[in-house]
Structures are given as structure tokens and as C-alpha cells.
Amino acid sequence: MSITDAAFQKCINPDCAAQFDCAQALFKCPKCGELLDAQYNWEKINVPDKLSDLEKRWANRNNPLDFSGVWRFRELLNFCEDKYKVTIGEGQTILQQNDAVAKYADIKQGCLYLQYEGLNPSGSFKDNGMAAAFSHAKMLAMSSCACASTGNTSASVALYAHHCGLKCTVLIGSGRIAFGKLSQAMDYGAQTIQILGDFDDCMRQVQDVCNELGLYLLNSLNPFRLEGQKTIMYRIIEQLGWDVPDWIIVPGGNLGNSSAFGKAFYELKQLGLIKRIPRMAVINATGADTLTDLVNNKKLTWNNGKVNQKVIDDYYADLTARNFSPRTCASAIEISRPVNLKKCLRALDICNGVVRAVTDEEIVDAKAIIGKFGLGCEPASAATIAGLRNLRAEGIVTADQRVVCVLTGHPLKDPDVTVNYHKDKQCQFSNPPIEVPNDLDEIIKLIR
Ligand SMILES: [Zn+2]
């Protein structure tokens with residue numbers, strides 16, 4: 001096996017800081033149990049002098065790695081050789097400036113952008129991460145993989161697994177998964193195991209299952225997955241003419257995206273490829289607001305890596321004592337024990353970030369606006385616009401700042417929420433079907 005010495009894995013706990021080569025599937029530090037990062041010896045990598053040097057790859061549509069929205073930035077996630085790299089055309093996503101949604105969010109015309117990650121092959125941002133993680137799995141010659149999922153991960157894992165010839169098992173909670181996503185996992189051929197429990201239960205089980213059976217774990221504990229998700233930020237910068245926005249707004253579930261985005265900006269700044277780092281807002285749903293509570297009320301911070309573990313332990317012990325299970329219509333972020341919590345705290349530190357929670361009502365209203373005036377999204381994605389509206393009302397985001405909301409999933413991921421919203425005439429922006437007799441005059445009367 002040939003492994004590049006340009007990359008290594010490193011424990012995020014500064015008191016440990018253990019390093020491991022990339023030829024191991026670890027997912028947690030074997031010495032202290034903390035999360036691992038992919039890190040780089042940048043001097044051994046041919047990083048371009050400026051990001052715009054990467055533009056020449058656009059003309060090279062016949063090379064799948066140049067076509068991929070992940071691998072065309074490959075110098076910035078250089079942990080495996082090209083021969084192992086997996087792509088199914090992920091990352092062909094767009095950044096849309098949207099004035100109608102800007103008006104709803106009280107942002108000046110021309111200043112709001114929506115990043116549509118639902119345009120990925122499996123319909124969510126997860127494909128960015130899977131392209132990277134499955135490349136690592138191929139490098140390690142793995143034959144089987146598994147994940148726990150609120151839905152989008154299982155769809156993406158199942159799609160990449162059958163593309164790469166890996167046996168695939170997904171663990172989902174009972175009755176807590178959007179229909180569109182469950183249908184994908186089954187259709188793409190994954191063994192789908194439904195556990196009588198919620199996502200947090202699945203997450204605990206899948207780690208033990210992977211350890212026991214030697215399966216490759218594809219949750220965002222996997223540091224290589226987050227490397228792929230960094231590219232969402234590269235593409236936003238690319239579409240802004242290699243400029244950074246003032247704000248990135250992202251839904252907060254397992255906190256893989258926010259963690260990856262913070263790391264992306266830190267590295268770009270370190271490499272001198274950007275001049276400033278944008279601020280970040282992470283938006284929870286109020287029914288799954290662990291991060292918001294810990295950061296805003298318990299004052300938990302990154303603290304140079306010395307995160308106060310007791311605050312987290314006490315918080316989770318209280319959740320357990322109350323038999324708490326998170327509840328939100330935004331099933332993708334229905335998570336109360338986010339595995340990337342500490343990496344997210346680091347990202348908030350890097351990006352001078354803020355955290356807020358929005359209600360389900362705010363989410364579905366914002367979702368209807370994104371559907372009516374944009375390309376639509378799944379409920380969790382709409383938390384970004386709902387959160388932005390509140391941050392505007394608080395005066396934390398100003399009307400003339402350039403804001404990018406990351407819309408993580410496609411509207412067809414969760415058709416039930418959409419149909420139920422529009423059928424309910426009480427909802428603020430509902431657009432219900434109108435029943436009419438089978439009669440031409442009656443039909444014409446309605447349309448006229
Ligand atoms: Zn460690």
C-alpha cells in the first residue's frame with residue numbers, strides 16, 4: 001500500500017496531540033478517545049499560489065477528478081493518491097443570489113446567496129464527504145462499511161458503496177427518517193437496519209458494530225469525510241469570484257459541516273489563499289438545541305482545545321436522566337449528542353461564530369419561501385434562512401452584509417413535511433390543491 005507522507009491524522013486534544021498515518025481507519029484517538037483530524041505537511045504539497053489557478057481545471061471536463069466539485073480542489077485535501085480517488089460527479093452545485101428570499105430575511109437586494117447542495121447525486125451535501133471518505137476506504141482496501149443515519153448519510157453511503165463495490169449496512173432510528181431518504185437507501189441496495197431508538201442510539205451502536213466487525217465507519221466521526229465537506233466552502237468562494245462572504249449560515253445537527261467549514265477557512269488563511277475568514281452562524285432546531293444551550297447558556301467554548309468536558313458530561317447525564325429524545329420536523333438535524341461538538345466549538349472560535357435555535361414553525365415557513373422563490377430544500381436547510389431572519393432582528397447580521405446560506409438537502413428528501421404544510425390552510429405560506437368537479441367551466445373559472 002502506498003500512502004502519501006503529505007498527510008497524517010492527529011488528535012484534536014492538545015494534551016494528547018497523538019499522530020497516526022493515514023493508512024489506518026481509526027475514527028477516534030486510540031490514546032485518549034478524542035476526535036481526529038486529517039492534517040497536512042503543506043510544504044510537501046504543491047498548493048497553488050492563488051485559488052484562481054484552479055480555474056484551468058474547468059476546461060478539462062473529460063478528467064473525472066477535474067469535473068468533481070471535490071477533487072478539483074485536491075491539493076487542499078491531499079491524503080491519497082489519484083488512483084484511489086472516487087467520484088460520481090459530486091459537487092456540481094450552484095450558488096444562487098436570491099433577492100426574493102433576501103427580502104424575507106431582511107437582507108439588502110444583491111447580498112443573499114443560497115448554496116444548493118441538494119443538487120448532488122444523492123440529493124444532499126453528504127456526497128462531498130463520501131467522495132473523500134470512500135477514497136480513503138479504497139486506499140485501505142476495505143470491503144464493508146456502515147453508518148448511522150438520520151437519512152441523508154444512508155442515501156449517500158449506499159450510493160457510493162455500490163459504486164465502489166463495498167458491502168453496506170445503514171442503521172436508522174425507528175420512524176425518525178424522512179421517506180425520500182429511506183427510499184434511497186433501499187433502492188441503492190444497502191442493508192437497512194431499523195433500530196428501536198433515535199439517531200443518538202444508532203450512533204452509539206454503529207461505532208461498536210464497526211469495531212466488532214472491522215467495518216469502515218462513514219459517519220462524520222470519520223475525519224476524511226469532513227475533508228470532502230471543506231470543498232463546499234471552496235466552491236462558494238469560487239462562485240463569488242474567489243472572494244469570501246461576510247457570513248456563512250449552516251444548519252447544526254451532528255456538526256460535521258460547521259466543523260469542516262471552520263477547518264477549511266483556517267487552512268486557507270494559513271496558506272495565504274484568503275485574506276479574511278467569514279463569520280459563521282450555526283442554526284439548531286429548538287427541539288434539538290444541544291449546541292445552542294451549551295454555547296449560549298453554559299458558556300462552553302473551544303478554549304484552545306481545553307474544552308470543559310464536565311459541562312458536556314453533566315449536560316448529557318441530564319438528557320439521559322430526563323429520558324430526553326430530540327424532536328423536530330427537520331429530521332436531518334434531530335440530534336441531541338452531536339459527535340463533532342468539539343470540532344464545531346473550534347470552528348466557532350476560528351470564525352467568530354454564533355449559535356441560534358429556530359422553531360419548527362419558523363423552519364417550515366422559511367422552507368416555503370425558499371421553495372416559492374428559489375430551488376427548494378429539505379426542512380433542516382431552511383433553518384438557515386429562519387436563523388438569518390432572527391439574526392437580522394437582533395442586529396447581529398447587518399442588512400448590507402454578504403450572506404451565504406448552505407441549503408444542505410433537496411426538497412424531495414422529505415415530501416411529507418412539504419405536503420402537510422401546503423395542505424394546512426392555517427400555515428402562513430401554504431399553497432393547497434383546490435378541489436373542483438370534473439367540469440370544464442368550473443376548471444376555467446378557477447384559472448381565469
Ligand atoms: Zn488523543
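Here we summarise the structure given alongside this text. (Residues numbered from 1 in each chain as written. Predicted model: local features only at pLDDT ≥ 70, side-chain atom pairs only at ≥ 80, totals over all residues. Heavy atoms only, no water.)

### Comments concerning the nonpolar core
Residues F79 and F134 are the most contacted members of the largest nonpolar core, which totals 103 residues. Top contributing element to this core by residue count: helix α3 (residues 126–139), with seven residues. Residues I249, I370, L391 and V403 belong to the second largest nonpolar core, which totals 35 residues. (Core = buried A, V, L, I, M, F, W, Y, C linked by side-chain atoms within 4.5 Å. Buried < 20%, exposed > 50% of the residue type's maximum accessible area, 1.4 Å probe, protein only. Helix = DSSP H or I, 4+ residues; strand = E, 2+ residues; numbered from the N terminus.)

### Concerning the coordination of the zinc ion
Reference geometry at the metal: tetrahedral coordination by four donors gives ideal angles of 109.5 degrees; octahedral coordination by six donors gives 90 or 180 degrees. Around the zinc ion, the protein supplies C11 (SG), C16 (SG), C29 (SG) and C32 (SG) as donor atoms, at distances of 2.3 to 2.4 Å. Around the zinc ion sit four donor atoms; with metal-centred angles ranging over 95 to 115 degrees, the donor geometry is tetrahedral. The sequence motif formed by the donor residues of the zinc ion is C-x4-C-x12-C-x2-C. Taken as a pair, C11 in strand β1 (residues 7–11) and C29 in the loop between β2 (19–21) and β3 (36–40) lie far apart in primary sequence, 18 residues in all. You can call C11 buried: its relative accessible area is 4%. According to the relative accessible area criterion, C29 is buried, its value standing at 3%. (Donors = N, O, S within 2.8 Å, 3.2 Å for Na, K, Ca; no water. Tetrahedral: all angles 85-135°; square planar, octahedral: opposite > 155°, others 65-115°.)

### Describing the environment of Y116
Position of Y116 among the secondary structure elements: in strand β5 (residues 112–116). Overall, the relative accessible area of 2% leaves Y116 in the buried class. For Y116, the contacting residues outside a window of four places in its chain are T93, I94, Q96, N98, I370, G374, L375, G376 and L407. At a separation of 2.9 Å, a polar atom in the side chain of Y116 contacts the main-chain amide nitrogen of L375. (Contact = heavy atoms within 4.5 Å. Polar contact = N/O pair within 3.5 Å; in protein donor to acceptor, adjacent residues only side chain to side chain.)

### Here we look at the packing of aromatic side chains
In total, this model carries eight aromatic pairs according to the counting rule given. For the pair F27 and Y216, a centre-to-centre distance of 5.4 Å together with 80 degrees between the ring planes defines the contact as edge-to-face. Of this pair, F27 sits in the loop between β2 and β3 while Y216 sits in strand β9 (residues 216–217), and the two are 189 residues apart along the sequence. For Y216, a relative accessible area of 0% gives the class buried. It is R337 that lies over the ring of Y316; its NZ or CZ is 5.6 Å from the centre. Across from the ring centre of W302, 5.8 Å away, lies the NZ or CZ of R346, which sits over that ring. (Phe/Tyr/Trp six-rings, centres within 6.5 Å; stacked < 30°, edge-to-face > 60°. Lys NZ or Arg CZ within 6 Å of the ring centre and 35° of its normal.)

### As for the pattern of salt bridges
Summed over the entire model, instances satisfying the criterion amount to 25 salt bridges. D15 is paired through a salt bridge with K306; the nearest N and O atoms lie 2.7 Å apart. With D15 in the loop between β1 and β2 and K306 in the loop between α10 (290–297) and α11 (309–321), the pair connects residues that are 291 residues apart, well separated along the chain. Since its relative accessible area comes to 62%, D15 is described here as exposed. The exposure class assigned to K306 is partly exposed, which follows from its relative accessible area of 45%. Among the salt bridges present, the one from R356 reaches E394, with a minimum N-O distance of 2.7 Å. Here E394 lies in helix α14 (residues 379–394) and R356 lies in strand β12 (residues 354–358), a separation of 38 residues in the sequence. Among the charged side chains, a network of salt bridges with common partners joins R57, D66, R74 and E75. (Salt bridge = Lys/Arg side-chain N within 4 Å of Asp/Glu carboxyl O.)

### Describing the sheet that holds β3
Taken together, the three strands give an open sheet; going across it, the order is β2-β1-β3, and neighbouring strands pair in antiparallel fashion. At either margin of the open sheet sits one strand with a lone partner, and together these are β2 and β3. Within this sheet the neighbouring strands show an average axis-to-axis angle of 35 degrees, counted without direction. Taken together, the five bridges between β1 and β3 define a ladder with antiparallel strand orientation. In the sheet register, F8 faces β3, and the bridge partner there is Q39. (Pairing = 2+ DSSP bridges. Axes fitted to C-alpha atoms, helices over the stretch in contact; angles between N-to-C directions.)

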